[in-house]
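Each chain, written out:
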Amino acid sequence: MFMFLFLVVALAVVVAAVTLSVVGGGESSPLPDAEPEILRDPLPYDRPVQRGDVDALRFPVAVRGYRMADVDDALGRLGAEIGERDARIADLETALAGARAASHTTSLRKHPEDGQ
């Protein structure tokens, strides 16, 4: 019974000492707040995003995962660039289809099907 009481008292002393050292008992100050990590290498704004930029993108870890603002910014930027590229591809495909149709019409005028 004496050993059990000794262990309980020793445990209480250790817990109290750790608690006082962490919260700043006495003249020592409490632990300083950690500076939040920020996204050090965001996606470039001076040029289009490339595959290497996305591969190198690393989000800082926050208390509950990633910082939502950083992830939202990156996803918004990627979504905008993908939308711009899709629109550009659609414009180019339309222009190519028009050029092919015009070329086909011109070749039919030069070489009619009656063998001349």
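The structure displayed is predicted, hence computed values, not measured ones.

Time to look at the pattern of salt bridges. Considering all chains together, one arrives at 5 salt bridges under this definition. D53 serves as the salt-bridge partner of R47, at 2.7 Å between the closest nitrogen and oxygen. Classification of R47 by relative accessible area gives partly exposed; the value is 33%. R85 serves as the salt-bridge partner of E81, at 3.4 Å between the closest nitrogen and oxygen. Separated by 4 residues within a single helix, E81 and R85 lie in helix 3 (residues 68-110), roughly one turn from each other. Taking the relative accessible area as the measure of exposure, E81 reaches 10% and is therefore buried. By relative accessible area, which is 41% here, R85 ends up partly exposed. A network of salt bridges, in which partner residues are shared, links R77, E81 and R85.

Before going further, it helps to spend a moment on the nonpolar core. Counting residues in each nonpolar core, the largest one holds 5 residues, listed as L39, L43, V49, L57 and A74. Dropping the residues within four chain positions of it, V49 is found in contact with L43, V54, R77, L78, E81 and R85.

There is a patch of nonpolar side chains on the surface, built from V14, V18, L20, V22 and V23 and spanning about 430 Å² of accessible area. Inspection of the secondary structure puts V22 in helix 1 (residues 2-23). Residue classification places V22 among the partly exposed positions, given a relative accessible area of 40%.

What counts, and at which threshold
Residues numbered from 1 in each chain as written. Predicted model: local features only at pLDDT ≥ 70, side-chain atom pairs only at ≥ 80, totals over all residues. Heavy atoms only, no water. Salt bridge = Lys/Arg side-chain N within 4 Å of Asp/Glu carboxyl O. Buried < 20%, exposed > 50% of the residue type's maximum accessible area, 1.4 Å probe, protein only. Helix = DSSP H or I, 4+ residues; strand = E, 2+ residues; numbered from the N terminus. Core = buried A, V, L, I, M, F, W, Y, C linked by side-chain atoms within 4.5 Å. Contact = heavy atoms within 4.5 Å. Patch = residues over 30% accessible without salt bridge, like charges linked within 9 Å, V, L, I, M, F, W, Y side chains within 5 Å. Areas by Shrake-Rupley, 256 points an atom, 1.4 Å probe, with all protein chains shown as cover.

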